[in-house]
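Listed below, chain by chain, are the residues.
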Amino acid sequence: MDVANQGLISNATVASIEPHLNNRLHGRNDEGSMLKHVEHTRARFAQLIGAEKNEISVTKNASEGINIIANAIEWRPGDNVILCPKLEHANNILPWLQVRNRHNVELRVVEPDSGSMPTEAIVKAIDSRTRIVALATVTMVPGFRTELAPIAETCKRVGAFLLVDGTQSVGILHTDVTRLGVDGLAVSTVKGLMGLYGSGFLYCRQEWADRLNPAYLARFSVDLGNAPESAPIPSSVKLRDGAPRFDIGHYNFPGMLAAYVSMGQLLEAGTKEIEQSVTSLAKRLAVGLLDLGLPVCGGAPGSHTGSIVAVGDMAALAGAREVDRRIQSLHDHLLKNQVIVSIRRGMLRFSLHLYNTADEIDRVVDLAKVNSREHKSHSKQESACHPSPQKL
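Reading the values: rules and limits
Residues numbered from 1 in each chain as written. Predicted model: local features only at pLDDT ≥ 70, side-chain atom pairs only at ≥ 80, totals over all residues. Heavy atoms only, no water. Buried < 20%, exposed > 50% of the residue type's maximum accessible area, 1.4 Å probe, protein only. Helix = DSSP H or I, 4+ residues; strand = E, 2+ residues; numbered from the N terminus. Arc of directions from axis to C-beta. Contact = heavy atoms within 4.5 Å. Pairing = 2+ DSSP bridges. Axes fitted to C-alpha atoms, helices over the stretch in contact; angles between N-to-C directions. Expected span 1.5 Å × (residues − 1). Polar contact = N/O pair within 3.5 Å; in protein donor to acceptor, adjacent residues only side chain to side chain. Left-handed = near helix turned anticlockwise from the far one by under 90°. Phe/Tyr/Trp six-rings, centres within 6.5 Å; stacked < 30°, edge-to-face > 60°. Lys NZ or Arg CZ within 6 Å of the ring centre and 35° of its normal. Salt bridge = Lys/Arg side-chain N within 4 Å of Asp/Glu carboxyl O.

Focus on helix H4 (residues 94–103)
Within the sequence span of H4, burial applies to Pro95, Trp96 and Val99. End-on view of H4: buried residues confined to an arc of 95 degrees, all on one side of the axis. Turned more than 90 degrees away from the buried face of H4, the exposed residues are Leu94 and Asn101. Next to the buried residues of H4 lie helix H3 (62–70), strand S2 (80–83), strand S3 (106–109), strand S4 (130–136) and strand S5 (161–165). Just downstream of H4 lies Asn104, where phi reads positive at about 55 degrees.

Here it is in structure tokens:
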């Protein structure tokens, strides 16, 4: 139950990589067929999120995708970026700190709204000098879904770029970039896409991509027609149309092979059906843990519920603090019983995908019940050994 950290890969995904590795083992050059396969994989990701192939760049990870957009904007002093750092992964904070320092740009920080992305505050912060609004579709922790529609409408009205980190949602929750109204979406393949580390995708809406200039150029960023990769480079080059202009260097062929197969499995299962399954399981888990008296973030399931259930004190979002003994005890008990979850910012995070089942949810609730009894018993024993001092 840890897809927010890394997803499982299937047997079919493992098998898809072996022929390429065997070619490398025996010195057979399959670069031509692999380059064609990259384009098939690009098209499949576009299909998965409701985009066009020309709106997809192949990246190393979500972090690279975010940095590509951050460094392609022509910044002017006085521009601003809107961000909610307490709900973002470090890699959707650091690029904007650098932009602020390099270009004298204002970083407008908004605060979480009871653990949720503060849609109303973000909309109020947007003005004519806003160039980027950067946020997660689903937060790393506590894992709530972001209400995007009002933000997307406001960004469109003022001409700001809405850039989302979709790492915790794409492949798990149904994603249609047109319906969401986002201008850019960055993902890695290692989580919801059930692929490998070191590969990812960047969606950039065609209208934006064609007017952005990449900070870096390499052979696959430019259009040289049918010329081979090793062809001489003329003194003047034309950028590729759309998002492929952001492709840098050679591709991670094993990563692309794996992603092609895993995304095929996601499409076969149906992203709407996957979302229905994981949200139903997340609600079942949240209710079960609440019934045990555990502090489930967000309380009862609602519109904020996606595929992540977090347990703990959301005050930990404000900064580093020690993990509560009860949370650590539950984590250790689950791990001892071969249930894999993560602790993030002091909260225990369960994150689900299509391979999780209702039986697994019920087993986790049963394990939590046992741990809760043991923890209470241990706390009573400690109290008996260390009685409170008598009043003078």
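Looking at the sheet that holds strand S1 (residues 56–59)
With mixed pairing, seven strands are arranged side by side in an open sheet as S1-S7-S6-S5-S4-S2-S3. The sheet terminates laterally at S1 and S3, the two strands that pair on one side only. With strand direction ignored, the average angle separating the axes of adjacent strands in the sheet is 20 degrees. Here S1 pairs with strand S7 (residues 200–204) via four bridges, running antiparallel. When the bridges of S7 are listed, Thr59 appears paired with Gly200. The sheet strands contacting H4 are S2, S3, S4 and S5, and the helix crosses S3 at an angle near 140 degrees.

Quick look at the side chain of Thr137
Inspection of the secondary structure assignment puts Thr137 in the loop between S4 and helix H6 (149–158). With a relative accessible area of 8%, Thr137 lands in the buried category.

Examining the pairing of S2
With burial as the criterion, each face of S2 is covered, one bearing Asn80 and Ile82 and the other bearing Val81 and Leu83. Looking at chain direction, S2 and S3 are connected through four bridges and run parallel. Bridge pairing in S3 places Asn80 opposite Glu106. Of the strand pairs in this sheet, S2 and S4 are connected by three bridges, and their pairing is parallel. For Val81, the partnering residue across the bridge sits in S4 and is Ile132.

A word on helix H9 (residues 253–269)
End to end, H9 covers 25 Å across 17 residues, agreeing with the expected 24 Å (1.5 Å per residue, within 8%). Listing the buried residues of H9 in full gives Phe253, Gly255, Met256, Leu257, Ala258, Ala259, Ser262, Met263, Gly264 and Leu266. Of the surrounding elements, those touching the buried residues of H9 are helix H1 (11–25), helix H2 (31–49), S1, S7 and helix H10 (271–291). Its side-chain oxygen at 2.9 Å from the backbone nitrogen of Gly255, Asn252 defines the N-terminal cap of H9.

Looking at the packing of H2 against H9
At their nearest, the axes of H2 and H9 sit 9 Å apart, and the two run at 35 degrees to each other. The chirality of how H2 crosses H9 is left-handed. Along the contact surface, H2 presents Glu31, Met34, Leu35, His37, Val38, His40, Thr41, Arg44, Phe45, Gln47 and Leu48, while H9 presents Phe253, Met256, Leu257, Ala259, Tyr260, Met263, Gly264, Leu266 and Leu267.

With respect to the packing of aromatic side chains
Tallied over the entire structure, the rule returns three aromatic pairs. With a centroid separation of 4.4 Å and 10 degrees between ring planes, the pair formed by Phe45 and Phe201 is classed as stacked. Taken together, the positions of Phe45 in helix H2 and Phe201 in strand S7 put the pair 156 residues apart, joining distant regions of the chain. Taking relative accessible area as the criterion, Phe201 reaches 0% and is therefore assigned buried. Between Arg44 and the ring centre of Tyr260, over which it is positioned, the NZ or CZ distance is 3.7 Å.

A short note on the pattern of salt bridges
For the structure on display, the rule yields 18 salt bridges. For Lys86, the salt bridge is made with Glu111, and the minimal N-O distance between the two is 2.7 Å. Here Glu111 lies in the loop between S3 and helix H5 (119–125) and Lys86 lies in the loop between S2 and H4, a separation of 25 residues in the sequence. With a closest N to O distance of 3.3 Å, Glu120 and Lys124 form a salt bridge. In this pair, Glu120 and Lys124 both sit in helix H5, four residues apart, roughly one turn of the helix. Each member of the pair Glu120 and Lys124 is classed as exposed.

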